[in-house]
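Observations on chain architecture
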Amino acid sequence: MTEGEAAPAAASGQDQRNLVARVAAAIVLAPIAIALAYAGGIAWAVLVTLAAIGLFLEWLMITGLAREIRVVTPGIAVLLIAGLCIMTGRIDAALIVLAVGVIALALLSGERRGWAAAGLLYAAAAEIASVLVRLDAVKGFAALMFVLLVVWVTDIGGYFAGRSIGGPKLWVRVSPKKTWAGAIGGFVASMLVAAGFAAFEIGTTGPLLVLGAVLSVVSQLGDLFESAVKRRFGVKDSSHIIPGHGGLLDRLDGFVAAVIVAAIFGFLRGGADGVGRGLMVW
């Protein structure tokens, strides 16, 4: 084997190992997330709060602020207090805590105050939105699973379509590996999820297809957003906490974008305690 042949072979072997690690991590983590989502209440709020803290810390690592105690400590404290408010049913108090926290962090953070505040806002929005979507006792679990499944199949469909078809790149400067084929493949997969929900009469076909399409596109934009932030700071992975996936930000970037949009849309249709209903009932 020549040196030129060895390089592609080594890359292919690395890709295979990454795929195995991705599948193994998904097999372990997905059932845990689904079980806690089904339980709802405090169990889901605890998971969401811990995930939000992880997102915030990884954002600080990417932006070079992870060693700034004046940023790390108040940010974690704000997310914890907001999580406790959520667990006691005080979403209004959580929103106030988070708003005050973002302003305070901006004042404490020096030259990179914009990045510090943006990181807390990003994590906090994910925290609140994830709880609001699940809050509805009747439709909350279905709505949350719809968002999760759309994001998951968009990612999976995009991965396999991109690798098997290839073709023109989606946005080389931000994410060199993403292709238009992958984007379309993920979009098509999300339509199958929406059609499946409609087939089981969990919602109406037309609105679910539109919602699935919007959330699929938004999740891909969320992925590109995180890639742009990492490229801005010359970082490849947000961390290495999840085998084959990188960090929480790498794994949850699409979900964060999708669940925030879903929560806003559901809130506009169903109010604070009916976000799930606003998404699923037409």
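Quick summary incoming for the structure in this document.

Rules used throughout
Residues numbered from 1 in each chain as written. Predicted model: local features only at pLDDT ≥ 70, side-chain atom pairs only at ≥ 80, totals over all residues. Heavy atoms only, no water. Helix = DSSP H or I, 4+ residues; strand = E, 2+ residues; numbered from the N terminus. Buried < 20%, exposed > 50% of the residue type's maximum accessible area, 1.4 Å probe, protein only. Contact = heavy atoms within 4.5 Å. Areas by Shrake-Rupley, 256 points an atom, 1.4 Å probe, with all protein chains shown as cover. Lys, Arg positive; Asp, Glu negative; His and termini not counted. Charge placed at Lys NZ, Arg CZ, Asp CG, Glu CD. Salt bridge = Lys/Arg side-chain N within 4 Å of Asp/Glu carboxyl O. Phe/Tyr/Trp six-rings, centres within 6.5 Å; stacked < 30°, edge-to-face > 60°. Lys NZ or Arg CZ within 6 Å of the ring centre and 35° of its normal.

**Thoughts on the overall build of the chain**
Looking only at helices and strands, the chain has 10 helices and 2 strands in total. Across the chain, helices and strands are ordered from the amino to the carboxyl terminus as α-α-α-α-α-α-β-β-α-α-α-α. With respect to the principal axes defined by its C-alpha atoms, the chain has extents near 65 × 50 × 30 Å. Counting only residues that meet the buried cut, the chain has 46% of its 282 residues in that class. The long-range share in the chain, meaning contacts at least 24 apart out of those at least 6 apart in sequence, stands at 68%. For the chain, the accessible area works out to roughly 13,900 Å², and carbon and sulfur atoms hold 71% of it. Looking at charge distribution, the chain has the averaged site of its 21 positive side-chain charges lying 3 Å from that of its 17 negative ones.

**A look at the pattern of salt bridges**
Enumeration according to the criterion identifies 7 salt bridges in this entry. Residue K230 is joined to E226 by a salt bridge in which the shortest nitrogen-to-oxygen separation is 3.6 Å. Placement of the pair is K230 and E226 together in helix α8 (residues 205-232), with a separation of 4 residues, close to one helical turn. For D250, the salt bridge goes to K230, with nearest N and O atoms at 2.7 Å. Residue D250 is found in helix α9 (residues 248-270), and its partner K230 is found in helix α8; the two are separated by 20 residues along the sequence. In terms of burial, D250 and K230 fall into one category: buried. Three or more residues are tied together by salt bridges with common partners; here these are E226, K230 and D250.

**Concerning the environment of T88**
Counting through the fold element by element, T88 comes out in the loop between α3 (69-87) and α4 (91-108). Among the residues examined, T88 registers a relative accessible area of 60% and is labelled exposed. For the pair T88 and G41, spaced 47 residues apart in the sequence, the C-alpha separation amounts to 9.3 Å.

**Notes on the packing of aromatic side chains**
Considering all chains together, one arrives at 9 aromatic pairs under this definition. Arranged with centres 5.2 Å apart and planes meeting at 85°, the rings of Y38 and F141 form a pair that is edge-to-face. Of this pair, Y38 sits in helix α1 (residues 3-39) while F141 sits in helix α6 (residues 140-165), placing them 103 residues apart in sequence. With relative accessibility at 60%, the residue Y38 sits in the exposed group. Here the guanidinium or amino end of R232 rests over the ring plane of F233, the centre of that ring lying 4.7 Å away. The side chain of R269 reaches across the aromatic face of W282, ending 3.9 Å from its centre.

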